[in-house]
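# Chain and residue survey
The chain contents come next:
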Amino acid sequence: MGTTAGQQLRALFYVLSPGESSFRTLEEVPDYVEKSIPFFIAFIVLEFAVSWVQQHKLPGRINDGISSLSLGILSRLPDVLFRSVDLVSYIYVWNNYKLFELPWDSPWTWYLTFLGVDFAYYWFHRISHEVNILWAAHQVHHSSEDYNLFTALRQSFLQRYTSWMFNLPMALFIPPSVFAVHLQFNLLYQFWIHTEVVTNIGPLEWILNTPSHHRVHHGRNPYCIDKNYGGTLIIWDRIFGTFEAEDAKVVYGLTHPVNSFEPILLQLRPLAHIWNTFWATPGFWNKLSVIFKGPGWGPGKPRLGLPEEIPVVTGNEVPFNPSVPAYLNCYAVVHFAVIMELYIDLLATVTTLSQENILLRIGIIILSLTSFGFLMENRPKARILEIIRCSVFLGVYKLGYLRNQLSLLDYAYEIISTCAAKDY
């Protein structure tokens, strides 16, 4: 069953009715996330326009925006090769251990699943901040020093391999088709709350997670740390004592910024830090604590660390922003647009491509996103890597692996890649 543009738009705000979004089988459930890509782009453009009108400035930077989109693409690449681990584990428990089966077409099942998925997300999200090894995956989403709709797409490809277990209790009685719908809706709802152009939405602030509440969650101000974990609802934070209202101006990012736009490094550096800390920390139990206690823990400290050790925010923090020539920014935007088109085409045609072609495209996408990160940081070896990337891209294109159904895009691939390989 397909979805109309209106339904897809309303899915972003979790306002589809049970009758519109209940399905008998898992195979009937639309890929709401993939179909939302055009709306993501449209709302990002709208956010830029509103920010310019309201504040006479853009809501973000090119380098940070490309970094966020790169991380978003990386987080979705495993779905090209494998079925979501959330669904695989859920289906396994459903098939082997379910206690009873709620009717898939009942509005009560729909609303119960809405609450269940959001409740599970709250605890997964909270524990991802309070357990160091889980934080190593989740911190990617917090690594941006800007706060805009690009940031919503800044996701970890590792996080999905820890979130699945929190949903398994629902598999004892809620059909997978119902769960799959709400898993997507919960994720999509969180897109629009990553913005500064929406200040307050009135009485709904008491119930829903809103841009104001989520700005606090992304802040590195001491009053913002470990607050407002909700997905769609803010009621769980109010119930469990983790709610904090927006007060002083929020400064975004990590308490100890990574200072990089390179997506692989952003994903893996925290794991390297845990590895090094694990071996440098004496004592078996202390080593386990490095992994399973909070990221601020150290020997002799409480589980979540000492609040007084959180760096003070002055309001004069300067985001990581290496000086890059204007032409290089334009170059990166154009080439990123080509890779974005390649990624969207991969999602649309994956069932018709050979495994060799899929792996080749994924490899080119990862190489390209890495190279763009080097360019945005203006690293000394960025030019060499980009020449290699463009040469590989052009070679693979010439062999026919990247042919697109739209000939105009074929010409764009060839012209852009040829010019880059020769002249960059």
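Residues numbered from 1 in each chain as written. Predicted model: local features only at pLDDT ≥ 70, side-chain atom pairs only at ≥ 80, totals over all residues. Heavy atoms only, no water.

## Concerning the UniProt feature "domain: Fatty acid hydroxylase" (unreviewed entry) in the protein chain
The following threshold applies: UniProt positions are given in the numbering used here, feature names are shortened, and annotations may be inferred rather than shown by experiment. For the purposes of this entry, the term helix denotes a DSSP run of H or I that reaches at least four residues, the term strand denotes a run of E that reaches at least two, and both are numbered from the N terminus.
Under the UniProt annotation, the feature "domain: Fatty acid hydroxylase" (unreviewed entry) is placed at residues 111-242. Taken as a whole, residues 111-242 contains 52% helix and 0% strand, while its terminal C-alpha atoms sit 24 Å from one another.

## Some remarks on the packing of aromatic side chains
Each pair of aromatic rings is reported with the distance of its centres and the angle of its planes. For the record, the criterion: The criterion for an aromatic pair is that two Phe, Tyr or Trp rings (for Trp, the six-membered ring) have centres within 6.5 Å, with stacked assigned to planes under 30 degrees apart, edge-to-face to planes over 60 apart and tilted to the rest. Only protein chains enter the accessibility calculation, which uses a 1.4 Å probe; a residue is then buried when its area is under 20% of its type maximum, exposed when over 50%, and partly exposed in between. Ring-over charges, as used throughout, are those where CZ of Arg or NZ of Lys falls within 6 Å of the ring centre and within 35 degrees of the ring normal.
Counting across every chain of the model gives 28 aromatic pairs. On the numbers, 5.9 Å between centres and 70° between planes, the contact of Phe13 with Phe43 is edge-to-face. Taken together, the positions of Phe13 in the loop between helix H1 (5-11) and helix H2 (32-35) and Phe43 in helix H3 (residues 37-55) put the pair 30 residues apart, joining distant regions of the chain. According to the relative accessible area criterion, Phe43 is partly exposed, its value standing at 23%. Members of the aromatic cluster, connected to one another through ring pairs, are Tyr14, Tyr32, Trp110, Tyr111, Phe114 and Phe185. One cation-aromatic arrangement involves Lys287 over Phe278; the distance from NZ or CZ to the ring centre is 5.1 Å.

## Points about the side chain of His213
Note the cut-off: Contacts described as polar in this section are N or O atom pairs within 3.5 Å, which, within protein, must combine one atom able to donate a hydrogen with one able to accept it, while residues neighboring in sequence count only if both atoms come from side chains. Every residue pair with non-hydrogen atoms within 4.5 Å of one another is taken to be in contact.
If you trace the backbone, His213 turns up in helix H11 (residues 211-217). Within the local environment of His213, its side chain forms a polar contact with the backbone oxygen of Glu205, the two atoms lying 2.7 Å apart. For His213, the residues in contact, after removing those within four places along its chain, are Glu205, Leu208, Asn228, Ile234, Arg238 and Phe243.

## Some details on unusual backbone geometry
Here Asn259, not a glycine, exhibits a phi torsion of approximately 60°, which is positive. Relative to the helices and strands, Asn259 is located in the loop between helix H12 (235-240) and helix H13 (263-280). Although it is not a glycine, Asn378 sits at a positive phi angle of roughly 55°. As for its placement among the helices and strands, Asn378 is situated in the loop between helix H16 (355-377) and helix H17 (382-398).

## Some words on the packing of H16 against H17
Heads up, the condition is: Each axis is a line fitted through C-alpha atoms, taken for helices only over the stretch in contact, and angles between the N-to-C directions span 0 to 180 degrees. Reported orientations rely on four angle classes, namely roughly parallel under 35 degrees, roughly antiparallel over 145, roughly perpendicular from 65 to 115, and oblique for the rest. In a left-handed crossing the near helix is turned counterclockwise from the far helix by less than a right angle, and in a right-handed crossing that turn is clockwise. Here the term charged refers only to Asp, Glu, Lys and Arg, the term nonpolar to Ala, Val, Leu, Ile, Met, Phe, Trp, Tyr, Cys and Pro, and the term polar to all other amino acids, Gly among them.
Between H16 and H17, the shortest axis-to-axis distance is 9 Å and the interhelical angle comes to 155°. Taken together, the axis directions place H16 and H17 in an arrangement best described as roughly antiparallel. Considering only the axes of H16 and H17, their crossing is left-handed. Packed against H16, whose contacting residues are Leu360, Ile364, Leu367, Ser368, Thr370, Ser371, Phe372, Phe374 and Leu375, the element H17 presents Ala382, Leu385, Glu386, Arg389, Val392, Phe393 and Val396 at the interface. The class makeup of the residues in the contact of H16 with H17 is 11 nonpolar, three polar and two charged.

## Side note on the pattern of salt bridges
The following threshold applies: Salt bridges are defined by distance alone: a side-chain nitrogen of Lys or Arg within 4 Å of a carboxyl oxygen of Asp or Glu.
Summed over the entire model, instances satisfying the criterion amount to 15 salt bridges. A salt bridge links Asp31 to Arg76; its shortest N-O distance comes to 3.9 Å. Remark: Arg76 occurs in helix H4 (residues 62-81) and Asp31 occurs in the loop between H1 and H2; sequence separation between them is 45 residues. Taking the shortest distance from any N to any O, the salt bridge between Asp64 and Arg154 comes out at 3.9 Å. Here Asp64, found in helix H4, pairs with Arg154, found in the loop between helix H8 (149-152) and helix H9 (160-163); they are 90 residues apart in sequence, far enough to count as distant. Overall, Arg154 belongs to the buried group, its relative accessible area being 1%. Via salt bridges that share partners, Asp31, Arg76, Asp79 and Arg160 belong to a single interconnected network.

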